[in-house]
Each structure stands twice: as structure tokens, then as C-alpha cells.
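Commentary on secondary and tertiary structure
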There are 2 protein chains.
Amino acid sequence: MRATIIGAAGMLGAKLAQQIVNASNLNIEALTLQDVLLPKAPDTTIPCNCMRGSFTEPEQAKAIAAERPELIFHLAAIVSGEAEKDFEKGWAINLHGSLHLLEALRAQHLASGGSYRPKVIFTSSIAVFGGPFPDAIDDDFLAAPQTSYGAQKAMTELALADYSRKGFVDGVSLRMPTVVVRPGLPNAAASSFFSGIIREPLAGIEALLPVDDNVRHWFVSPRTATGFLLHAASLDSAKLAGRRSLNLPGVSCTVAEQIQALAGVAGEKCTALIRAQPDAAIIKIIAQWPERFDASKAEALGFVADANFEQIIRVYLEDDAPEAVRQATAKESTA
Amino acid sequence: MRATIIGAAGMLGAKLAQQIVNASNLNIEALTLQDVLLPKAPDTTIPCNCMRGSFTEPEQAKAIAAERPELIFHLAAIVSGEAEKDFEKGWAINLHGSLHLLEALRAQHLASGGSYRPKVIFTSSIAVFGGPFPDAIDDDFLAAPQTSYGAQKAMTELALADYSRKGFVDGVSLRMPTVVVRPGLPNAAASSFFSGIIREPLAGIEALLPVDDNVRHWFVSPRTATGFLLHAASLDSAKLAGRRSLNLPGVSCTVAEQIQALAGVAGEKCTALIRAQPDAAIIKIIAQWPERFDASKAEALGFVADANFEQIIRVYLEDDAPEAVRQATAKESTA
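Residues numbered from 1 in each chain as written. Chains lettered and ligands numbered in written order. Predicted model: local features only at pLDDT ≥ 70, side-chain atom pairs only at ≥ 80, totals over all residues.

Some details on the interface of chain A and chain B
The extent of an interface is frequently quoted as the accessible surface area lost upon association of the parts. Counting from both sides, the interface comprises 19 residues of chain A and, opposite them, 19 residues of chain B. For the side of chain A that touches chain B, the element with the highest residue contribution is helix α5 (residues 148-165) of chain A, accounting for eight residues. Of the residues assigned to the side of chain A that touches chain B, the class counts are 11 nonpolar, four polar and four charged. (Contact = placed C-beta atoms within 7 Å. Helix = DSSP H or I, 4+ residues; strand = E, 2+ residues; numbered from the N terminus. Nonpolar A, V, L, I, M, F, W, Y, C, P; charged D, E, K, R; others polar.)

Printed below as a string of C-alpha cells:
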């Protein structure tokens, strides 16, 4: 079949592109990768169409839909911090871009006489939730976002569910836990330190911890996150029973437990590189974030979380860490 | 202050226009009434601007916002049944019309240097909910609509909440129970019979009951519904604590209890005019509707439901029934 990844130049998009061409069960015959920066084709003999363009333009959505891909991964987004700062850009891409895509797919559905009905996997987020929270957020808990990004994700979920109910597409929204350990450099996201306090010490660099170590949050590794996307591609949506937004399983742990896991993998010389430096702005943002979910519906549908935070660190070492970091850690842990 | 009612030619809009000019606590100095049909001005000496135009056009939203009303009631909508049949029209008015309005108000907010921040009362609906339901739907229950109308209402709620969080407007979404007894003729809505089985027998006309009499639903009288809108206008939104969608209180009763109340008001000769004629299509739609709510948050904020279904029937007789029906019922109940 033909598959398309929208937002393919991002961290998850690029990993997904490689995994999807390797996934023999999906039988991908052609792949389109779209992003605002030209995406890189994965290592494969499968024909890849790399498409560069703005997702705010209806013409871009029409170009994507005109290929009539049977499978579409929608990962395009302005992230939380940027959508908060640039209000118009956030709505233009996160909501209107998504609505243009749905309209373009509906037009192809109608033009095909109803036979074209693509599977659409939408990357949503736990940012659709806002406090006050129960102990564990279950699948019946309301979406009351406290950011524009969260509002735009929640609205796209609702539109995707309605276009699916009408039979124009076959959609599912995956509410991803916070993805760690992100490779590369720290960024301006409030969540950046969750990766930083693992990634930097492993590289022998000091990391600042802006919050108290009793802060609890909900995590997934990049490998498991892309695995979720692939699993959703072969999921029978009849099993969703009309509710097309899924809270995905994750690892709930505190910052102290993150640090303990890091000590287990790389020793206390490593964790000594984490230095507390409280940041009032980040403390305030993080206080509004959810801590724990009851993801039993997604689990029953076959979505499996990382085993624990130590596993999440090992995934980073295996998949993303620079070779020198990998070797230094292996040496330390056998020392 | 200046107030604007969008969707002012509808049943609730027209009632609200009259109530708002009578409400001395609001001190209305000028009123704008907008609808796709030219609204009628209420009986008042307060200057009224009656505006006719399509809410799908950004220019209409700009014209509304340009007057900088301090108080806006947004009642414009394509109803459930029509939004289900005419997919594009439903999205154009119920979602995009609302988004155009919010954008036009934000532009005025910015142009005013931040001083203009209107109160926006949005008429939402219990159609934002979809089953499976708990015994009573509380304020933490998710919005998983099973109609396009419900999806569009839920999405507008999210946008209104985000524009409010950012300080561009001061919005609240009121999830109205089903409004009965509607005056006039039956319409094509699946809920039409809830009014018909009261209104028609009171007028000495046979009414068809398309569902089993153990069907339970959630009701409000038109008088109480417009009272909710007025109450919201003077509500301090800080009390909403960031959650700007309210499940409003109502009367939960079965069709059998509706009929019993009618017998209490107008005698059994009247209820004998109700004839069971099951309609599979309506039975299927109604089966997906919510039955009962826990509206304790709205109650704590001062929203008060009708006392019972008998009270709802009496409101119809006092406010909307033709004079002949009113007199015939008064005679019957004292016979």
C-alpha cells in the first residue's frame, strides 16, 4: 500500500519512516514524506516522494490527498511553547492545517465514489488534559486543555472522529506520553529537562534540574512511540467502539525515580552531574501537567508501554546516543 | 452597556431579546440582533440594530465585533438534524462561523490596546456527549459526540476557552438540556416529540409517541433556558476556575413521567390523545442520548432548574400556549 507521513522531518517522523519501510506486515509499496523542511528518505528501495511545503496551505493538503495514500500518519505540529507564543501560527497549522487535510481527504473520498477511505493516525498529546486531575486519568476524563496547543489537538481529535463516523476517513488519535530521551540539544520546551537530566550526564556534561525531584510525569521512549504509531496502522478501528482518541500507556515516574534509574544504568558518578536550579516559570507550567493515566483501553488493544524508566534510558543508548557515550556507559556499568 | 444576540430570530433568541431589555441589572443601553433572517426588535425604547446576514461570512463577524459590544450571546447554529444531513453547512456555520467571530473579537481586542474584552455566552448543548454514559454525567466526563453538531459545539467550546484563557474574550459555554415545550409546529428534529406529546394533546390534537415510555431524558423550559443565559451574563468567570463549559441543571424524567405530569395539569382525557407508534430510526437516535446529569458545579454557581416536569408544562401554558389552549386547560383543571 501507499503511505504518507506528514511532519516527516521531525524526530519521530524520521524514525517512523525507517520503521515503516522495514515493517513487512504493512507491505508498503510507495512512501510520501511531507514537511516544511525537505524530509530525508529512509534507507530503502521503496520509492519515496519527499514533499516540501507549508501545512497551512489548503493546496498542500490537496497534493497529499491527491496521491490517495491508504495510510496517513499526521505528525505535523507547532509545538506547545511556540503555539503559546505565536497564537496565529499555532491555530493555522495545528487546527486549520488538520481541517484542510480532512477536507481534502473527504473530497477524494467523494470523487472516488466512496471507495477511498484512508486510515489516518493522528499524533495527539496528553496536553489535551488540564487540571484538576484525578489520581489516574482514564478514558472517560474530559479534555480541558490549558494551552493553545492542547486546545488545537483536542479540536483536531473531535474533527477526525466526526469525519470517521461519517465514513470519509478511518481515524484514530493517539495521545502520546512525553517522549524521552530526545537526542540532540536541549530546546526551549518546558519539558526539555526530562531528557536533559539523562542525556547530558551520560555525555559527562552537567544538567540543570529546574523542578523538585518529587515531580511525577508520564513517559514513553521514541522507539515505543513509533511502535505505537505502527501498531495503530494495523488496528481494527471497529474495536475503538466509536471513541477514537486513545490515552496511551506510559511509564509514570518521579524525577527522583528517573535519577535512580540513571544511577542503575550508568552509576552515581553520572547522576552527580545533575544540579538543582529551581526555575519558577517551569515549576508553574509543570504543576499543571498530568502525572499518571489509566490506559487500560489502549493496553487491551495491544499497546505496550516501556517496562520502566531504566528501559527508556537503555533505548536511548541503543538507538540514539553518540557512539562515545554508548561505549563510556558500557564500560562504567561493567566496572 | 451594549449587548449583541447572534441567532436572534430563533425561539430562544427572540425571548432573550425581550428579557434582556427588561433586565434592569444589566443596564442595556443598545442592543444588536443578528440572524440570517431579519430579527424582530423587542418591545422597548432601547435603540436596537437589527442585522441580517450569513454567519459563515467573516465580514458578518467583523461587523458584529466592530460595534464592540461588551456582552455577546452566541446562539447561532444549524441544528442537529440539518448539520447531519448538510455536512458542509454544519461545519461552515457551527464551527467556522464561531471561529470567525472569535478572530474578529480578538482583532478588536488588539486594536483597543487590550481594553476591549467582551463577555461571550455561547449556547452549547448536551449533544457534546456520546455514550457509553455513567449513571449521571458530571463535569469531568469527556465530550465524545456522536453527531457533527455535537462535534462542532464541542470544538467551539475548546476555542472559546482558549481565547478566554489568553484574555481576548471572557467566555462561558452553557450546555443546555433539551428545551421543551417548544411552541409552534412539530419539526424534523428527533427530539420534536418530547414537545409534541405535551403541546398537541393540550390543543386537543392527537400526538404520536415514537419511543418507549421508559425513555429518560434531560429537560429545561424556554423560560429557564433564557434565564440561564441572563444569569451567565452577570456571572464572575473567575468562579469557573478555568473550566468554561458548564453542564446545566435540568429535569430528568421519563416519557411516562412526562405523561403523568400532563395528566396532573390537564387530566387524562388529554393524555388519551397520545398514541404509541414506534419509529425505529428515532428509537435508535434517542438510545444514544444522555439521561441524567450531575450539575452540582452549575448549581453552586446559581443556575436553578425547573422544579419538575409539571412546572415545565405550566411555563408553556403561561408563556407560549395559544389563548384558547390556556383557557381550555384552566377549565379542565378546575372541573
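This is not the end of the story, as more comes after the structure.
Considerations on the domain arrangement of chain A
Residue and element names in this part refer to chain A. Considered domain by domain, chain A is made up of domain 1 (2-177 + 221-247) and domain 2 (192-218 + 251-291 + 307-334). Each side of the interface is counted separately: domain 1 has 11 residues, and domain 2 has six residues. By residue class, the composition of the side of domain 1 that touches domain 2 is six nonpolar, four polar and one charged. (Domains from an automatic or database assignment.)

Quick word on the pairing of strand β1 (residues 2-6) of chain B
Residue and element names in this part refer to chain B. The buried fraction of β1 amounts to four of the five residues, a majority that puts the element mostly inside the structure. With helix α1 (residues 11-22) bridging β1 and its parallel neighbour strand β2 (residues 30-35), the resulting β-α-β unit is right-handed. Here β1 pairs with strand β4 (residues 71-74) via four bridges, running parallel. If you follow T4 over to β4, its bridge partner there is I72. (Buried ≥ 20, exposed ≤ 12 C-beta atoms within 10 Å, placed from the backbone. Right-handed = clockwise from strand over helix to strand, strands pointing away. Pairing = 2+ DSSP bridges.)

A word on the relation of the copies chain A and chain B
Between chain A and chain B, the superposition needs a rotation of 180° and an axial shift of 0.0 Å, giving an RMSD of 0.0 Å. Such a turn and shift between the copies fits a two-fold axis. Ranked by how close their C-alpha atoms come to the rotation axis, the residues of chain A are headed by A:L142, at 1.8 Å. Take the interface residues of chain A: 100% of them recur as interface residues in chain B, which is what a same-surface contact looks like. (Least-squares fit on C-alpha atoms with pLDDT ≥ 70 in both.)

Side note on the packing of helix α4 (residues 87-111) of chain B against helix α5 (residues 148-165) of chain B
Residue and element names in this part refer to chain B. The N-to-C vectors of α4 and α5 enclose an angle of 10°; their axes lie 9 Å apart at closest approach. In this view, α4 runs roughly parallel relative to α5, as classed from their interaxial angle. Contacts from F87, G90, W91, N94, L95, S98, L99, L102 and R106 of α4 reach α5 at S148, Y149, Q152, K153, M155, T156, A159, L160 and Y163. For the contact of α4 with α5, a count of residues per class yields 10 nonpolar, six polar and two charged. (Axes fitted to C-alpha atoms, helices over the stretch in contact; angles between N-to-C directions. Parallel < 35°, antiparallel > 145°, perpendicular 65-115°, else oblique.)

Observations regarding the sheet that holds strand β7 (residues 178-179) of chain B
All names here are of chain B. Spatial ordering of the open sheet is given by β7-β9-β11, a layout of three strands whose pairing is mixed. A strand with exactly one partner marks an edge of an open sheet, and here the two such strands are β7 and β11 (251-254). With two bridges connecting them, β7 and strand β9 (residues 216-220) associate as parallel partners. The residue bridging T178 from the neighbouring strand is F219, located in β9.

Observations regarding the environment of B:F141
Secondary-structure assignment places B:F141 in the loop between β5 (119-125) and α5. Owing to 19 C-beta atoms within 10 Å, B:F141 belongs among the partly exposed residues under this scheme. Considered as a pair, B:F141 and B:Q277 are 136 residues apart in the sequence and their alpha carbons are 34 Å apart. Apart from the residues lying within four places of it in its own chain, the contact partners of B:F141 are A:D140, A:L142, B:F129 and B:P134.

Quick look at the sheet that holds β2(B)
Residues and elements named next belong to chain B. Strand order in the open sheet formed by seven strands is β3-β2-β1-β4-β5-β6-β10, and the pairing between neighbours is parallel. Bordering the open sheet on either side are β3 (48-52) and β10 (245-247), each of which pairs with just one other strand. Strand-to-strand twist across the sheet, computed as the mean angle between neighbouring axes with direction ignored, equals 15°. Where β1 lies against β2, five bridges are found, and the strand directions are parallel. Bridge pairing in β2 links R2 to A30.

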